[in-house]
Amino acid sequence: MPTRQPIVSVLGHVDHGKTTLLDQIRGTAVVKKEAGAITQHIGATEVPIEHIYAVCKQMIGSKKFDMPGLLFIDTPGHQSFTSLRARGGSLADLAVLVIDINEGIMPQTLESISILKRFKTPFIIAVNKVDLIEDWTVNKDEPFALNVRKQSDKAAASFDDKFYKIIGELYEHGYTADRYDRIEDFTKSIAIVPISAKNGIGLPDLLLMLIGLAQRFLEDTLEKEEGPAKGVILEVKEERGLGQTVDVIIYAGTLKKGDTVILGTKGKPLVTKVKAILKPKPLDEIRDPKDRFDSVKEVSAAIGVKLMCQSLEGVVSGGPLRAAGANPDEARDEVSNETKVNIELKDDGIYI
Ligand code: GDP
C-alpha cells in the first residue's frame, strides 16, 4: 500500500532551538541539488527518503523503509501545532519536542508534552545544543551515535550529567524517556535524540527515529487516500502580482486546477474554484522576484501549496479545505463540522 509522508511539527520552549532546527533541515536543501534533495513547499519542507538514506548511510547500511519521506511544517511552536487541525486532531502526524540540554525542562516544555499527549501525537525529544557542552568535539552533520564516541571523558561526563538530569525531571513529571539507542520498547519510553541544531549533529539520528516512529505507529494514518483533496489553511496572503492567495497543506487526496473547493470561514463555508495551484520555484531558478512560483495542474498529499481561487472572502487560517468531488454537500458538511469543532476546542481553552 503506498503511503504519504508523515507531517511533522516542531515544538518546545522559547529559545531552545526550534527555528534553528528547521533552518538546518532547510539549509541542506538550498545548497545541494542532488537527486532526492530536500524541496521547499509552501509552509513546509520535504525531506525525501533518498536524502535520509544518504545522510544515515553509516547507521543503516542498505536498509530501506516503506515511506516517501517527511514533511516538516515550517512554522514552529505549539500555537501552530494546535491551530492546524485535521479530523479533530492535529494536522501533524508526528512531533519533535526540542529541549535545550543546558536549560532542561521549562514551562513550555511541559505544556508542549501535555498538548502532544492530549492530541495523541507520537513524538520524540531532541535534546539540543550539545555543542555547548564544555570540551565537546563538534563534527558537522555527524550522526550522534558516532559523534558521542569521539568525546573526551570530561565532555562525556558533563553530557551524562545534564542528560540524566533531564530524564530525571521528565520522570518526576510522569514521563519515561531515554536515549533512543538505549530503548528496547518504544511503546513504553519516549526516545531522546541528542542534537546540535546549529551544527547538524544528530540530525541523521533524528530523521531516522521519525521514520521509525511513523512505521511503528502511523501505518493506517499514512495510507495514501485517493479522491478529492483534504487540507488545512495555513494563511490567507496578499501576494504581489497575484492578489489574494491562500497557503494550504493538503494532507489527503488530490487537488486539481479547476476543482471546486469548500473553505472554512467564521460563518458559512465558502464554495469557490481553484484558479491556480502554485509551488515555490527552486531558488536558483528565480530570475525575476515577481516570478517566484510554478503553476501546476495537480498535486497529491502530503504537500504545501499556494492557491489562487475565484474568491477567498472570509477564509480563516486554521480552517479546513475540501475539494467538492462527486459529493459537494458532504464536503460542505465536513467543512462546517470541522470549523465548528475547531471553534469549540478554542473555547475549551486548548488554543494557546
Ligand atoms: P526557538 O525560539 O526555539 O525557535 O529558538 P532558536 O532556534 O531561535 O534558537 C535560540 C538561540 O539558540 C539562537 O541564538 C540560536 O542560534 C541558538 N541555538 C539554537 N540551536 C543551537 C545549537 O545547537 N547550538 C548552539 N550553540 N546554539 C544554538
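Within each chain, residues carry numbers counting from 1 in the order of the written sequence. For a predicted model such as this one, the threshold for reporting local features is a pLDDT of at least 70, and the threshold for listing and counting side-chain atom pairs is 80 or more; totals across whole chains, interfaces and linings nevertheless cover every residue. Values shown for side chains rest on all heavy atoms present in the structure; no hydrogens or waters enter the calculation.

*Asks:* Can you help me understand the overall build of the protein chain in this one?
*Replies:* For the purposes of this entry, the term helix denotes a DSSP run of H or I that reaches at least four residues, the term strand denotes a run of E that reaches at least two, and both are numbered from the N terminus. Across its full length, the protein chain carries nine helices and 19 strands. Over its C-alpha trace the protein chain gives a radius of gyration of 21 Å, about what one expects of a compact globule, namely 20 Å for 352 residues. Overall, the protein chain is about 65 × 45 × 40 Å in size when its C-alpha atoms are taken along their principal axes. Buried means the residue's accessible area, taken with a 1.4 Å probe over protein chains only, is under 20% of the maximum for its type, while exposed means over 50%, and partly exposed covers the values in between. Across the 352 residues that make up the protein chain, the buried fraction comes to 54%. Both definitions apply: the radius of gyration is a C-alpha atom measure, and the globule rule equals 2.2 Å times residues to the power 0.38.

*Asks:* Help me understand the pairing of strand 12 (residues 243-252), please; the structure alone is not making it clear to me.
*Replies:* One face of the sheet, then the other: side chains in a regular strand alternate in exactly this way. Across the ten residues that make up strand 12, a large majority, eight, are buried. Pairing between two strands is assigned when DSSP locates at least 2 bridges connecting them. Alignment of strand 11 (residues 230-239) against strand 12, held across nine bridges, turns out to be antiparallel. Within strand 12, the position partnered with Glu238 by the bridge is Gln244. Taken together, strand 11 and the strand that follows it, strand 12, pair antiparallel across an intervening segment of three residues, in which Gly241 is found at a positive phi of about 85°. Where strand 12 meets strand 18 (residues 303-309), five bridges bridge the pair, whose relative direction is antiparallel. The residue bridging Val248 from the neighbouring strand is Val305, located in strand 18.

*Asks:* Got a minute to help me understand a negative patch on the surface in this structure?
*Replies:* The grouping of Asp66, Glu219, Asp220 and Glu223 at the surface amounts to a negative patch. Relative to the assigned elements, Asp66 resides in the loop between helix 3 (57-60) and strand 4 (69-73). Patches in this entry comprise residues that are over 30% relatively accessible and not in a salt bridge; like charges within 9 Å are linked, as are nonpolar side chains (Val, Leu, Ile, Met, Phe, Trp, Tyr) within 5 Å. The method behind every accessible area is Shrake-Rupley, applied with a 1.4 Å probe, and residues are considered shielded solely by the protein chains displayed. For this analysis, a salt bridge means a side-chain nitrogen from Lys or Arg found within 4 Å of a carboxyl oxygen belonging to Asp or Glu. Charge assignment in this entry is limited to Lys and Arg as positive and Asp and Glu as negative, and neither His nor the chain termini are counted. By convention, charge coordinates are those of NZ in Lys, CZ in Arg, CG in Asp, or CD in Glu.

*Asks:* Is there a simple way to explain the sheet that holds strand 2 (residues 39-40) in this structure?
*Replies:* Paired through their backbone hydrogen bonds, the strands of a sheet run either parallel or antiparallel. Spatial ordering of the open sheet is given by 2-3-4-1-7-8-10-9, a layout of eight strands whose pairing is mixed. The open sheet terminates on both sides in strands that have one partner only, identified here as strand 2 and strand 9 (177-179). Inspection of the sheet shows strand 1 (residues 7-12) paired to strand 7 (residues 94-100) by five bridges, in the parallel sense. For Ser9, the partnering residue across the bridge sits in strand 7 and is Ala95. Lying over the sheet, helix 7 (residues 153-172) contacts strand 7, strand 8 (123-128), strand 9 and strand 10 (190-194), oriented at roughly 160° with respect to strand 9. In what follows, residue pairs with any heavy atoms lying within 4.5 Å of each other are defined as contacts. Angles shown run from 0 to 180 degrees and are taken between the N-to-C directions of axes, each axis being a line fitted to C-alpha atoms and, for helices, limited to the stretch in contact.

*Asks:* For this particular structure, what's the right way to read the pattern of salt bridges?
*Replies:* For side chains bearing opposite charge, pairing can occur when the charged atoms are close. One pass over the full model with this rule turns up 17 salt bridges. Two residues, Asp23 and Arg26, come together in a salt bridge whose shortest N-O distance is 2.5 Å. Within this pair, Asp23 and its partner Arg26 are both found in helix 1 (residues 18-31), separated by three residues, close to a single helical turn. Among the residues examined, Asp23 registers a relative accessible area of 37% and is labelled partly exposed.

*Asks:* Looking at this model, I keep getting lost on the site of the ligand. Mind explaining?
*Replies:* Each residue is tested against the molecule or strand, and it is near if at least one of its non-hydrogen atoms lies within 4 Å. Neighbouring the ligand are 15 residues; Asp15, Lys18, Thr19, Thr20 and Asp131 lie closest to it. For the purposes of these results, a polar contact is taken to be a pair of N or O atoms within 3.5 Å, where, inside protein, one atom must be able to donate a hydrogen and its partner to accept one; residues adjacent in sequence count only when each atom of the pair is a side-chain atom. A distance of 3.4 Å separates an oxygen atom of the ligand from a polar atom in the backbone of His16. In this structure, an oxygen atom belonging to the ligand sits 2.5 Å away from a side-chain N or O atom of Thr19. A total of 570 Å² of accessible area belongs to the ligand in isolation, and the protein chains cover 75% of it. Counted by class, the shell around the ligand contains three nonpolar, seven polar and five charged residues. Amino acid classes used here: Ala, Val, Leu, Ile, Met, Phe, Trp, Tyr, Cys and Pro are nonpolar; Asp, Glu, Lys and Arg are charged; the rest, including Gly, are polar.

*Asks:* Is there a simple way to think about helix 5 (residues 107-119) in this case?
*Replies:* Turn by turn, an α-helix covers 3.6 residues, leaving residues three or four places apart pointing in a common direction. Over its 13 residues, helix 5 extends 19 Å from the first C-alpha to the last, a length consistent with the 18 Å expected when each residue adds 1.5 Å. For helix 5, the complete set of buried residues consists of Thr109, Ser112, Ile113, Ile115, Leu116 and Phe119. Down the axis of helix 5, the sector holding all buried residues measures 165°, keeping them to one side. Following helix 5 by one or two positions, Lys120 adopts a phi angle in the positive range, close to 55°. One less than the residue count of a helix, multiplied by 1.5 Å, gives the span that helix is expected to have. An arc is given here, and it is the one of the directions from the helix axis to the C-beta atoms.

*Asks:* Would you mind going over the nonpolar core with me for this structure?
*Replies:* Nonpolar side chains in soluble globular proteins tend to end up buried together. Only buried residues count toward a nonpolar core. Its members are Ala, Val, Leu, Ile, Met, Phe, Trp, Tyr and Cys residues joined through side-chain atoms within 4.5 Å. In this structure, Leu21, Ile52, Phe72, Val96 and Ile124 are the most contacted members of the largest nonpolar core, which totals 40 residues. When residues of this core are traced back to their parent elements, those giving at least two are strand 1, helix 1, helix 2 (49-55), strand 4, strand 7, strand 8, strand 10 and helix 8 (203-217). Considering each element in turn, this core owes the most residues, nine residues, to helix 8. With near-sequence residues (within four places) excluded, Leu21 lies in contact with Val10, Val96, Val98, Ile195, Ala197, Leu203 and Leu206. Leu234, Ile249, Leu270 and Leu312 belong to the second largest nonpolar core, which has 35 residues in total.

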